[in-house]
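# Structure at a glance
Chain by chain, the residues:
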Amino acid sequence: MRAAGILLPVFSLPSDYGIGTMGKEAYKFVDFLEKSGQKYWQVLPIGPTSYGDSPYQSFSTFAGNPYFIDLDMLAEIGLLEKSDYKNLNWGDNPEKIDYALIFETKFGVLRKAYKNVEKISADEIKKFHEENSSWIDDYALYMSVKNEFELKSWQEWDEGIKFRRPEAVEKYRKNLADEIGFWIFVQYLFFSQWTALRTYAAEKGIKIIGDIPIYVAEDSADAWANPSLFQFDENLRPTAVAGCPPDCFSEDGQLWGNPLYRWEVHKETGFAWWIDRMKAAAKLFDVIRIDHFRGLESYYSIPYGMENARVGEWVKGPDIDFVKTIKREVRGVDIIAEDLGFLTPEVEKLLKKSGFPGMKILEFAFDHKGDSNYLPHNYDKNCVVYTGTHDNETLAGWLEGISRKDKAFIRKYLNVSRKEGLCYGIIRGAWASCANLAVAQMQDFLELDNSARINEPSTLGINWQWRLEKNALTDGLAERINTLTRLYRR
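This is a predicted model, so every value here is computed, not measured.

## Focus on the pairing of strand β10 (residues 358-361)
Along β10, one buried face is formed by G358 and K360 and the opposite face, lined by M359 and I361, is buried too. As paired strands, β10 and strand β11 (residues 383-386) are joined by four bridges and run parallel to one another. In the sheet register, K360 faces β11, and the bridge partner there is V385.

## Here we look at the nonpolar core
Of all hydrophobic cores here, the largest spans 169 residues; its most connected members are W41, F185, W194, W274 and F445. With 13 residues, helix α8 (residues 177-203) is the largest single contributor of residues to this core.

## Some thoughts on the sheet that holds strand β9 (residues 334-337)
If you trace the eight strands from one edge of the open sheet to the other, you get β9-β6-β3-β2-β1-β12-β11-β10, paired in parallel fashion. The sheet terminates laterally at β9 and β10, the two strands that pair on one side only. Adjacent strand axes in the sheet meet at a mean angle of 25 degrees, parallel and antiparallel pairs treated alike. The pairing of strand β2 (residues 40-42) with strand β3 (residues 207-212) spans three bridges and is parallel. Within β3, the position partnered with Y40 by the bridge is K207. Together, β1 (3-7), β11 and β12 (437-441) form the strand contacts of helix α16 (residues 422-432), whose direction differs from that of β12 by roughly 160 degrees.

## Focus on the packing of helix α3 (residues 99-114) against α8
At a minimum axis distance of 10 Å, the contact between α3 and α8 shows a crossing angle of 100 degrees. In terms of orientation, α3 and α8 fall into the roughly perpendicular class. The segment α3 lies against α8, with F107, L110, R111, A113 and Y114 engaging D178, E179, G181, F182, W183, F185, V186 and L189. Counted by class, the contact of α3 with α8 contains nine nonpolar, one polar and three charged residues.

## A few points about the packing of aromatic side chains
The full count for this structure, using the stated rule, is 52 aromatic pairs. Measuring from ring centre to ring centre gives 5.4 Å for F190 and F191, while their planes differ by 75 degrees; the resulting arrangement is edge-to-face. Side by side, F190 and F191 carry an identical accessibility label, which is buried. Relative to F445, the ring of W431 lies with its centre 5.7 Å away and its plane at 85 degrees, an arrangement referred to as edge-to-face. Linking W431 in helix α16 with F445 in helix α17 (residues 442-445), this pair joins segments that are 14 residues apart in sequence.

## Points about the pattern of salt bridges
The final tally for this structure, using the stated rule, is 21 salt bridges. With its nearest N and O atoms 3.9 Å apart, the salt bridge here joins K127 to E131. Of this pair, K127 and E131 are both found in helix α4 (residues 122-131), four residues apart, which corresponds to roughly one turn of the helix. Across the salt bridge formed by R198 and D286, the nearest N and O atoms sit 2.9 Å from each other. Placement of the pair is R198 in helix α8 and D286 in the loop between α11 (272-284) and β6 (287-290), with a sequence separation of 88 residues.

## Regarding the side chain of Q231
If you trace the backbone, Q231 turns up in the loop between α9 (221-225) and β4 (240-244). The contacts of Q231, once residues within four sequence positions are left out, are R237, P238, T239, A240, L260, Y261, R262 and Y299.

## Observations concerning unusual backbone geometry
Phi is positive for D53, close to 65 degrees, though the residue is something other than glycine. Within the secondary structure, D53 sits in the loop between β2 and α2 (71-76). Classification of D53 by relative accessible area gives partly exposed; the value is 25%. Phi at N415 takes a positive value of approximately 55 degrees, unusual for a residue other than glycine. Positionally, N415 belongs in the loop between α15 (404-414) and α16. You can call N415 exposed: its relative accessible area is 65%.

## Some remarks on the sheet that holds strand β8 (residues 313-316)
Spatial strand order, β5-β4-β7-β8: four strands in an open sheet with antiparallel pairing. Looking along the sheet, the strands with just one partner apiece sit at the ends: β5 (254-259) and β8. Here the strands of the sheet are splayed against their neighbours by 50 degrees on average, with no regard to which way each runs. Inspection of the sheet shows strand β7 (residues 298-303) paired to β8 by four bridges, in the antiparallel sense. Its bridge partner being in β8, Y300 is matched across the sheet by W314.

Rules and cut-offs
Every chain begins its residue count from 1, and numbering advances along the sequence as written. Whole-chain, interface and lining totals are the exception, using all residues; otherwise, since this is a predicted model, local features are given only for residues with pLDDT of at least 70 and side-chain atom pairs are given and counted only at 80 or more. Hydrogens and water molecules were not included; the side-chain quantities draw on all heavy atoms of the structure. Accessible area is worked out with a 1.4 Å probe on protein chains only. A residue is then buried under 20% of its type maximum, exposed over 50%, and partly exposed in between. Going along the chain from the N terminus, every DSSP run of H or I of four or more residues is numbered as a helix, and every run of E of two or more is numbered as a strand. For two strands to be treated as a pair, DSSP must find no fewer than two bridges joining them. Among buried residues, the Ala, Val, Leu, Ile, Met, Phe, Trp, Tyr and Cys ones that are joined through side-chain atoms within 4.5 Å form a nonpolar core. For helices, the axis comes from a line fit to the C-alpha atoms of the stretch in contact; other axes are also lines fit to C-alpha atoms, and the angle between any two N-to-C directions lies between 0 and 180 degrees. The contact criterion used is simple: two residues touch if any of their non-hydrogen atoms lie within 4.5 Å. The labels follow the angle: roughly parallel below 35 degrees, roughly antiparallel above 145, roughly perpendicular from 65 to 115, and oblique for the rest. Throughout, the ten residues Ala, Val, Leu, Ile, Met, Phe, Trp, Tyr, Cys and Pro are labelled nonpolar, Asp, Glu, Lys and Arg are labelled charged, and all others, Gly among them, are labelled polar. In this analysis, rings of Phe, Tyr and Trp, with Trp reduced to its six-membered ring, are considered paired at centre separations within 6.5 Å, and the interplanar angle assigns stacked below 30 degrees, edge-to-face beyond 60, and tilted for intermediate values. By definition, a salt bridge exists where a carboxyl oxygen of Asp or Glu is found within 4 Å of a side-chain nitrogen of Lys or Arg.

Right, here's the structure in full:
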């Protein structure tokens, strides 16, 4: 079925408290999607962020981000007084997130809420704990111990707890019992609010596209609790890490630094950890986008300790065995394969066998010198077309940097009038294509420049910060998007 959607990270929603939340502005955005005739809301990973604030480097692949918990909703159920958070410093720029400030302020408020935990039924929290016992005990212990060691990576903890020796685990579980309770409470709040938001979206006919990174962070509960699943040595140090080789975008390649999987161990267990991970994601989302899908066919392995990604090798991944297992075991959710990057015939063969839709990016399409697989006339229906992703420039920013000949080619190819403008001409090109699903970033509908860019790969300190202005989503904008969507039967 033809459909359309908008990509907007949860953190980019407006709010009075420094970062987007699952509160009233999230519900208003769902209403905007409905008015706009959209059927999908695509978000970025919603796990708790670690160093660098990237949603692709999370303390847990199962947990939710505490920053997204809405404080006004906590006040409504008596866990907080508005005076607990209204007059705190949440930052002075409504269009940028100050993560260091949010870290200090938000957790202080959530700890105040925890003091009123008795206002929530103990049976409710117990039920939540039991339903998520496969991961939440490890996560809550991990976060508690991490705080005990002044937020250092588990690699720098005392040897006993680093290696999860039973007597050390028991000692910390006992000594940090209240702190562990806090982290379980925070996850209870997150999942309660997310479930309510997702239910509201479903009632409005909106499906949520989630995003899971193929890799987990080294400093995560996942790596600490399951070291046998990763390429670690006897001291639990990585032997090789993930990244991408040099290409036309980066002469040094991309050094992500995530630990690589021991795929042979995963295969021996029937991919049990991955099945748990995908089933957990299926409870949160209607559609799951698997980031770096090509890494399932072959992954780029960089020796640990390298300063860049120039030295590395491609190593065979789990390939079709993995895909068949996930399709058999994880039901009730659709999957999108992020098939961007260095593609080989083997990757294309895996994508075709999987039956998953791949991705087409219009910012990669318009080279006046020749044809491109990203031009709409080369699509088949089983794909998702994007104007650009969170890793790309905004359309307006990208258009500023391309050549006059490429702009002329866009105008001619898409028959763009001066009144319509290039941004909307390109969005129309996506909506008019035969792709089953078309998605554009919210910034592209607003024609915002690169000051609204979400992420510039291989950079730190400038990303994941953009926030939507409070009154940007007007009825006029909704009608313009709706008209385009109805025109192309999406």
